[in-house]
Amino acid sequence: MTDISVIVLTKDEEKHMPRFFEKLAPLEPREVFLVDCLSTDRTKEIAESHGAVVIPHAWPGLYAVQFNWALDNCPVTSKWVLRLDADEYLEAETIEKLKAFLLQPPTAAAGAAEEVTGLTLELRRVFMGGVIRHGTNGIRLLRVWQKGCCRIEEREMDEHMMLLRGRQIDFDGAFYDDNLMSFEVWKAKHFVYARKEANNYFQTFSHPERVRNPSPTDLLKFRYYKAPRYLRAFGYFCIRYFVKGGFLDGVAGWRWHFWQGLWYRWLVDREILVVV
């Protein structure tokens, strides 16, 4: 058994649950906690059949608020915690490396200025059945940390885990975002995301402290939103698809960069225009 607990937020994730536990099994986590937003399908039954602890909790309105609630209320007994969504899974090679690392992680006593308390993993994507290797690769996210060392930013979109103490390192491993829902469901979700991103846009630019001391994510957004509306979406698509080689992924690359890089960013600009 690996000294790590997994926390996942769910709402009607029956389609993803079998793959989620199949991919997770080699990690042999000490505990798996599902904070479930009152699912009406078989999410709870499938999770419990795999030994997971299901904790029902009504949706508070934001993913970040729900996840921070999970951090405060899941009875985690392991030293380490892993955050995954139901449509995500660790690469098999990453699991083996992670198990080896957790047996003897580096500490301050081993020569580092601070103990390692967080690990970032590379985000890889599968879209409509095709692996995306170009255009949006290289993104790293904090997904593994020592219990009590992390919170999540309470914002509507692009929320990230924040390390409260110690230091984080870039771990040699990756996780996949591979949603099995239909394309129509994907589009419907992105209409909602576009409204949230528009709200986040106004919150960011109207918050004096974030303007004075922007995070790396905020800095990227400041640069992006200085460009003309709609034209910036087209420019963003061209950078991803042509400059960064998105076209090298063939049909899968075209689908991903058109729909998520151009169409979605157009939706965001439309929502911003509606508010303005």
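An account of the accompanying structure is given in this report. (Residues numbered from 1 in each chain as written. Predicted model: local features only at pLDDT ≥ 70, side-chain atom pairs only at ≥ 80, totals over all residues. Heavy atoms only, no water.)

### Focus: the overall build of the protein
Here's step 1: Of regular secondary structure, the protein possesses nine helices and 11 strands.
Here's step 2: Compactness check: the protein gives a C-alpha radius of gyration of 19 Å against a globular reference of 19 Å for 276 residues, within 12% of the reference.
Here's step 3: Based on the C-alpha atoms only, the size of the protein along its principal axes is roughly 50 × 45 × 40 Å.
Here's step 4: Buried positions account for 49% of the 276 residues belonging to the protein.
Here's step 5: Pairs at least 24 apart in sequence give 73% of the contacts found in the protein among residues at least 6 apart. (Helix = DSSP H or I, 4+ residues; strand = E, 2+ residues; numbered from the N terminus. Rg over C-alpha atoms; globule rule 2.2 N^0.38 Å. Buried < 20%, exposed > 50% of the residue type's maximum accessible area, 1.4 Å probe, protein only. Contact = heavy atoms within 4.5 Å.)

### Concerning the packing of helix 5 (residues 183–205) against helix 7 (residues 216–225)
Here's step 1: Orientation of helix 5 relative to helix 7, taken along the N-to-C sense of each, is 100 degrees, at an axis distance of 11 Å. With respect to helix 7, the axis of helix 5 lies roughly perpendicular. Between helix 5, through Glu-197, Asn-200, Tyr-201, Thr-204 and Phe-205, and helix 7, the contact on the second element is made entirely by Asp-218, Lys-221, Phe-222 and Tyr-225.
Here's step 2: When its residues are assigned to classes, the contact of helix 5 with helix 7 shows four nonpolar, two polar and three charged. (Axes fitted to C-alpha atoms, helices over the stretch in contact; angles between N-to-C directions. Parallel < 35°, antiparallel > 145°, perpendicular 65-115°, else oblique. Nonpolar A, V, L, I, M, F, W, Y, C, P; charged D, E, K, R; others polar.)

### Structural notes on the pattern of salt bridges
Here's step 1: What the rule picks out here adds up to 18 salt bridges.
Here's step 2: Among the ionic pairs, Glu-93 bridges to Lys-97, the shortest N-O distance being 3.2 Å. A residue pair is termed a helical-turn pair when its members lie 3 or 4 positions apart in one helix, as Glu-93 and Lys-97 do in helix 4 (residues 92–103) at four residues.
Here's step 3: On the accessibility criterion, Lys-97 (28% relative accessible area) is partly exposed.
Here's step 4: For the salt bridge of Asp-172 with Lys-97, the shortest nitrogen-to-oxygen distance reads 2.7 Å. A residue pair is termed long-range when its members are at least 10 positions apart, and Asp-172 in strand 11 (residues 167–178) and Lys-97 in helix 4 qualify at 75 residues. (Salt bridge = Lys/Arg side-chain N within 4 Å of Asp/Glu carboxyl O.)

### Examining the packing of aromatic side chains
Here's step 1: Considering all chains together, one arrives at 25 aromatic pairs under this definition.
Here's step 2: Note that Lys-23 overlies the ring of Tyr-89, its terminal NZ or CZ placed 4.8 Å from the centroid.
Here's step 3: Between Arg-83 and the ring centre of Phe-67, over which it is positioned, the NZ or CZ distance is 5.6 Å. (Phe/Tyr/Trp six-rings, centres within 6.5 Å; stacked < 30°, edge-to-face > 60°. Lys NZ or Arg CZ within 6 Å of the ring centre and 35° of its normal.)

### So, the side chain of Asp-85
Here's step 1: Residue position: Asp-85 is located in the loop between strand 4 (80–83) and strand 5 (88–90).
Here's step 2: The charged side chain of Asp-85 is buried without a salt bridge, its nearest counter-charge being Arg-83 at 4.5 Å.
Here's step 3: In this structure the side chain of Asp-85 is engaged in a polar contact, spanning 2.7 Å, whose partner is the side chain of Tyr-63.
Here's step 4: Leave out the neighbours within four places in its chain, and Asp-85 touches Val-8, Phe-20, Tyr-63 and Arg-143. (Lys, Arg positive; Asp, Glu negative; His and termini not counted. Polar contact = N/O pair within 3.5 Å; in protein donor to acceptor, adjacent residues only side chain to side chain.)

### A few points about unusual backbone geometry
Here's step 1: The backbone phi angle of Met-128 is positive, close to 50 degrees, even though this residue is not glycine.
Here's step 2: Mapped onto the elements of the fold, Met-128 is located in the loop between strand 6 (116–127) and strand 7 (130–132).

### Observations concerning the side chain of Glu-153
Here's step 1: Counting through the fold element by element, Glu-153 comes out in the loop between strand 9 (150–152) and strand 10 (161–163).
Here's step 2: In this structure the side chain of Glu-153 is engaged in a polar contact, spanning 2.9 Å, whose partner is the backbone nitrogen of His-160.
Here's step 3: For Glu-153, the contacting residues outside a window of four places in its chain are Ala-64, Asp-158, Glu-159, His-160 and Met-162.

Spatial relationships are all this shows, so hold off on functional conclusions.
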